[in-house]
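Structural description and commentary
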Amino acid sequence: MHKCDLDVEISKLSKIEGHADLDIKIRDGKLEEVNLKVMENVRFFNQAVIGMAATAVPQLVSRICGTCSIAHLTACIEAVEKTLDVKPGAQTILLRKLTVYSMMIRDHALHLYFFVLPDMLDIDSLLDVPEDKHNLIHEALAVKEAGNNLGELVAGRSVHAPFEQVGGFSHEIDTARVLKIISELKNIRPIVLKLIEIFANCDWKFERNTNFVALVTEDFSFLEGKIKSLSLPANATQQALQAGGFEIEEEDYWDHLHKVVLPYSQATSFDFEGKEYMVGSLARLNLNKENLHPRTLRDAAKYLGRFPSQNIYDNNLAQAIEILHSIDHSIEILENNKFAKEEPVKPEKLSGENAGAIDAPRGTLYYALKIADGKVEELKLVIPTAQNLVSMKKDVEQIVSGICATGIGKVELEKNIVREVSKLIRAYDPCMSCASHFLRIKWV
Amino acid sequence: MTDKSGKKRVGIFSLTCDEGCSIFLTEIFNQKLIGWLEKMELVYFLAVKDHVEAGNLDIALVEGVVTSEKDSEQIKKIRERSKILIAMGSCAVTSQPSGQRNNFNADQLKVIEEHFEKYKFLPKALALKDVVKVDDEIIGCPIDEVKFVEIFEKYL
């Protein structure tokens, strides 16, 4: 056994959203310290919204994150509506589901094809795939494009969507384009089934006992439901797993969280009921797979038995399955509804305090607002990646300790650590732009 | 500076922002990437590559504001190493919305001032042209697709 000292510094982890560094300190062959440092510069959204008209705030907070801007927009709209008693109509809810599905398709596809597949193929970038696998580039672009076009149809654009607003949508759907969008979604369906198979056959495994938390919705639409948590102890039986866990209302989420400060980082994390936890696709599949679309349940049946899973790499498979669900439910909504022009619903009152949550691509996203005379007095939010940071750090510790215990030489040790740790962090699909946006929240 | 294959060396950089422009660029890529790859080599784009080199660039596309000393050093380095530097999106062109702290009142500034010192923030968040020479600009939050294609292809 080599008892070496080693400092591994990964500066600017690639193929994730935003900037993060990782420092790992090994002394005498043993892991001493892991520092996961979110390096995004804070942009002070919590302060910027104070005094702003509440109805204008969703478009501003959309700018917290380029990749999941639709999640911030939608969650903030929901919080404003709950606070000011706005009851959006049934058509608005359908359009919102389509908007969120368009984001899931694009965002998961970017992560799976461009961030994860290169690790599986042992190449640096998807653009470097060998000639015989070039179809993967075309397939990646086709899936993203279908999601992008769906978002554009419904919400005006896939990044900082201009049509989605408090009480409804400002523009109606161009019905002439609906058939084309449906056919694009149908065309990418077999490609996505292939993608699911790729990740189902991936043999990467890393398990650690952590907790999973997700917003559980009746039609797996990421929008309205209860927040559910399910502990997965290693020796639990299937029945115990199904019976276990507990549910809370969306607006009570904050009461179950505690802040965890991460030194050297422009971000803060959380624990849920005193335990670190994971949010995101894996948590959703672990807690709510039975509510996937019937066509998804049918065609992904042979892979669904794997959930609940504690293997962090199954987050990739879960994302691929969520793309399929988003396609299937979107096709159903587009084929069975006629969309007409509707005026956005107006607020019933101008002041109040309430919260809303949706499940964003990377997990539960919570917005709490205090509004007085139509202006925002306070904003609190809980970001998916920030919630995952503690679990992520503990996973890195376990994986590094495991690699150290193999007793390999220093050069190999460093190489293995960099490869395995980057791979693991990418499986979480972290978004550092989101994680770092807040500062000095008033904790109550 | 063009590499041996005759392709333009292109880098995509993110300073302080939500990275919405580079994400939207990956959506523009859906239709355009295959054609552009005949003419360009993507040498720096952390979002999709591990092994990046930021030297000898023909075209640098930069999003975000210059909010900290570190951002300022980085944009100067990018400028030194690039033939054409294009500011991409509202933050890079106008400093807003990522530079929203520039408009804060005294109460709002008081809450954030400790952070300024700790992370060496500049007194104001700056547009790229306030720090280095910028050859072209593409406005929009995120970038306007038609404008981007028009300006980018001019240099490709």
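These numbers were taken from a predicted model, which means no experiment stands behind them. (Residues numbered from 1 in each chain as written. Chains lettered and ligands numbered in written order. Predicted model: local features only at pLDDT ≥ 70, side-chain atom pairs only at ≥ 80, totals over all residues.)

1. Points about the environment of Ala386(A)
Here Ala386(A) lies in helix α12 (residues 384-405). Along the backbone, Ala386(A) and Ala267(A) are 119 residues apart, and their C-alpha atoms lie at a distance of 7.0 Å. (Helix = DSSP H or I, 4+ residues; strand = E, 2+ residues; numbered from the N terminus.)

2. Some thoughts on the sheet that holds strand β1 (residues 6-10) of chain A
Residues and elements named next belong to chain A. In space, the three strands of this open sheet follow the order β1-β2-β3, with antiparallel pairing throughout. A single partner strand is all that each edge strand has here, and the edge strands are β1 and β3 (30-38). Between one strand axis and the next, the sheet turns through 10° on average, direction left out of account. Direction of pairing for β1 relative to strand β2 (residues 20-27): antiparallel, over a ladder of five bridges. Pairing of Val 8 across the sheet is with Ile 24, part of β2. Contacts between α12 and the sheet are confined to β2 and β3, with β3 contributing the most and set at about 145° to the helix. (Pairing = 2+ DSSP bridges. Axes fitted to C-alpha atoms, helices over the stretch in contact; angles between N-to-C directions. Contact = placed C-beta atoms within 7 Å.)

3. Some thoughts on the environment of Phe116(B)
Within the fold, Phe116(B) resides in helix α4 (residues 106-118). Distance in space between the C-alpha atoms of Phe116(B) and Thr67(B) is 9.6 Å, their sequence separation being 49 residues.

4. Digging into helix α4 (residues 90-121) of chain A
All names here are of chain A. Its 32 residues give α4 an end-to-end C-alpha distance of 45 Å, which sits within 8% of 46 Å, the value for a rise of 1.5 Å per residue. Within α4, the axis deviates most sharply at Phe 115, by approximately 25°, and proline Pro 118 lies no more than four positions further along. Counting buried positions over the 32 residues of α4 gives 26, a clear majority of the element. Backbone geometry just after α4 places Asp 122 at a positive phi near 60°. (Expected span 1.5 Å × (residues − 1). Bend = angle between axes of the 7 residues up to and from the residue. Buried ≥ 20, exposed ≤ 12 C-beta atoms within 10 Å, placed from the backbone.)

5. Regarding the sheet that holds strand β2 (residues 40-44) of chain B
Backbone hydrogen bonds hold the strands of a sheet together, and the pairing may be parallel or antiparallel. All names here are of chain B. Overall, parallel pairing links the five strands, which are arranged β2-β1-β3-β5-β7 in an open sheet. With partners counted over all chains shown, the strands left at the sheet margins are β2 and β7 (136-138), one partner each. In this sheet, adjacent strand axes meet at a mean angle of 25° when their direction is disregarded. Of the strand pairs in this sheet, strand β3 (residues 57-63) and strand β5 (residues 82-88) are connected by five bridges, and their pairing is parallel. Bridged to Leu 61 within β5 is Ile 86. Packed on one face of the sheet, helix α1 (residues 20-36) meets β1 (8-14), β2, β3 and β5 and runs near 160° to β1.

6. Focus: the pairing of β2(B)
All names here are of chain B. The element β2 is largely enclosed, with a buried count of four among its five residues. Strand direction decides the pairing type here: β1 and β2, joined by four bridges, are parallel. Within the sheet, the bridge partner assigned to Gly 11 lies in β2 and is Tyr 44. The β-α-β motif built from β1, the intervening α1 and the parallel element β2 has right-handed crossover chirality. (Right-handed = clockwise from strand over helix to strand, strands pointing away.)

7. Observations concerning the interface of chain B and chain A
Taken together, the contact pairs 33 residues of chain B with 36 residues of chain A. Looking at the side of chain B that touches chain A, the elements with two or more residues in it are α1, β4 (66-68) and α4 of chain B. By residue number, the principal contributor to the side of chain B that touches chain A is α1(B), which donates nine residues.

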